[in-house]
Amino acid sequence: MTPTQARAFFAVAKAGTFSGAARQLNVSQPTLTVQVKELELTYGVDLFVRDSTGARLTEVGAALFPLAEKSHLAEEDCKNFLQKIRSFERGQLIIGSAGPIEAMRVAALLRQHHGSITISVVFANTRELIESLRSGSIDVALVSGATYTSDIEHFAYIRNRLVAVAPDQPQWSNRAMISSKELHTHPLIIREQGSIARDFLERTIPETIGDFSPSMIVGSREGVIVAVEQGLGIGVICEAGFLKSSNAQFLKIIDFDVPLTMDVACLKGRQENKLIKKVMDIAKKDANKEHQS
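Attention here is on the structure that accompanies the text.

What to know about the pairing of strand β7 (residues 162-167)
Piece 1. The element β7 is extensively covered by neighbouring structure, given that 6 of its 6 residues are classed as buried.
Piece 2. Taking every second residue as pointing to the same face, both faces of β7 are buried, with Leu-162, Ala-164 and Ala-166 on one and Val-163, Val-165 and Pro-167 on the other.
Piece 3. Here β7 pairs with strand β11 (residues 234-238) via 4 bridges, running antiparallel. Counted as the bridge partner of Ala-164 is Val-236 from β11.
Piece 4. Judged from the 5 bridges that link them, β7 and strand β12 (residues 248-253) form a sheet pairing that is antiparallel. If you follow Val-163 over to β12, its bridge partner there is Lys-252.

Let's talk about the environment of Lys-252
Piece 1. Here Lys-252 is to be found in strand β12.
Piece 2. When the C-alpha positions of Lys-252 and Val-163 are compared, they lie 5.2 Å apart, and in sequence the two are 89 residues distant.

Brief notes about the sheet that holds strand β8 (residues 177-178)
Piece 1. Judged by pairing direction, the sheet is mixed, and its 6 strands sit side by side in the order β8-β12-β7-β11-β9-β10 without closing on themselves. The two strands at the open ends of the sheet, each matched to only one other strand, are β8 and β10 (216-218).
Piece 2. Relative to β10, strand β9 (residues 188-191) is paired through 3 bridges, and the arrangement is parallel. By the bridge assignment, Ile-190 is partnered in β10 with Ile-217.
Piece 3. Contacting β7, β9, β10, β11 and β12, helix α9 (residues 221-229) crosses the sheet at an angle of about 155 degrees to β11.

Comments concerning the pairing of β12
Piece 1. Relative to β12, β8 runs parallel, the two being bridged by 2 bridges. What sits directly across from Met-177, in β12, is Lys-252.

Section: the pattern of salt bridges
As a working rule, side chains carrying opposite charge can pair if their charged atoms are close by.
Piece 1. Across all of its chains, the model carries 10 salt bridges by this definition.
Piece 2. Lys-277 is the partner of Asp-281 in a salt bridge, and the nearest nitrogen-oxygen pair spans 3.3 Å. Of this pair, Asp-281 and Lys-277 both sit in helix α10 (residues 274-292), 4 residues apart, which is roughly one turn of that helix.
Piece 3. A residue is classified by how much of its surface remains accessible, and Asp-281, at 33% relative accessible area, is partly exposed.
Piece 4. Connected through salt bridges with shared partners, the residues Lys-37, Glu-40 and Arg-50 form a single ionic network.

Here's the deal with the sheet that holds strand β4 (residues 118-123)
Piece 1. Strand order in this open sheet of 5 strands is β4-β3-β5-β13-β6, and the pairing throughout is mixed. The two strands at the open ends of the sheet, each matched to only one other strand, are β4 and β6 (152-160). Going from strand to strand, the sheet's axes swing by 20 degrees on average, the running direction of each strand aside.
Piece 2. Of the strand pairs in this sheet, strand β3 (residues 92-97) and strand β5 (residues 140-144) are connected by 3 bridges, and their pairing is parallel. The residue of β5 that forms the bridge with Ile-95 is Val-140.
Piece 3. Sheet contacts for helix α5 (residues 100-113): β3, β4, β5, β6 and β13 (260-267); angle to β4, the most-contacted strand, approximately 170 degrees.
Piece 4. Relative to the sheet, helix α6 (residues 126-135) contacts β3, β5, β6 and β13, its axis offset from that of β5 by approximately 155 degrees.

Rules and cut-offs
Residues numbered from 1 in each chain as written. Predicted model: local features only at pLDDT ≥ 70, side-chain atom pairs only at ≥ 80, totals over all residues. Heavy atoms only, no water. Buried < 20%, exposed > 50% of the residue type's maximum accessible area, 1.4 Å probe, protein only. Helix = DSSP H or I, 4+ residues; strand = E, 2+ residues; numbered from the N terminus. Pairing = 2+ DSSP bridges. Contact = heavy atoms within 4.5 Å. Axes fitted to C-alpha atoms, helices over the stretch in contact; angles between N-to-C directions. Salt bridge = Lys/Arg side-chain N within 4 Å of Asp/Glu carboxyl O.

Right under this line is the structure:
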C-alpha cells in the first residue's frame, strides 16, 4: 500500500462517500476512485461496498481501517511537528562560546522571541569552536580572533579587550592598570592553546619583555578567575568574560589596549536553516545597537 493509497482509503472510510473524501483531500473524485481501485486490485480484495448511499467498509476494509488510522495519525504528528519547527514553536539550537556572558546574552535575546526553543550552550576555545561549526556539532559560535575561511559566515558582535585579573588583596585595591612588564613579574595564569588570550600573549609578550613562560594553564576563563581568587597568580582573559567576583578584580593592561572583537559565526552551508538564520539576524540587530551606543 502506497502512502497515497492509504490516504485515499482512510479518507473514504471516514467520509463514507467518494465525493466527500475527494473534497476533503482536494482531489477529483475519479482520481480518488482510481487510487482505491488500484489498491483493491493489487491485493485482490474488496475494501468497500459501493451503492447509491455511498461506500461502506467490507469485513476486510473494517479490519484494515485501524491500521490505516495509525498511519494517518503518525503522518499528522509528523506534519504538526514540522509546522511547529517552521513557526519556531519547537526546535533546538546549540550555541558554542568561549565564555558564558556572550552566549547567555544571545540566548536571552532568542528566548524573548521564541520561548519554547531548547537552547544548549557549550564552551570551548576559538579553534575548537570553529572546528565544531564545521563538524555540525554546534549551530552558532561566538568567537574572538578567529582566522576565517570562505566556508564561515561571520560578523562583528561585541567589542572586547584583554584585561588582567588580580586577587582582591590590599596591594591591588587602589590599582586600575598594570603594564605587560609588571604582569610578567607575577605568576601568570592563562588559557590553553587555541584561546584568543593565549594566542595574543604568545605573539605580543616576547616582543616587549622576552621569554614567555606562564605559571599555570587553565582550560576556561572561569577557571582562570578561580585560580586568581585562590592566590595562584595574575590571570589574563578577555574583558567580556570577566564575571563579577568579590575576590577578584580586573585591571587594564596599559600596553595591551588593543581592541578585540567577539564575532558571531555559522557555517555558510547552514545559514539558510530558519532557526540559525533567526539567531544571526537577532545578534546582528543587537550588534548594531551595541556599536551605535
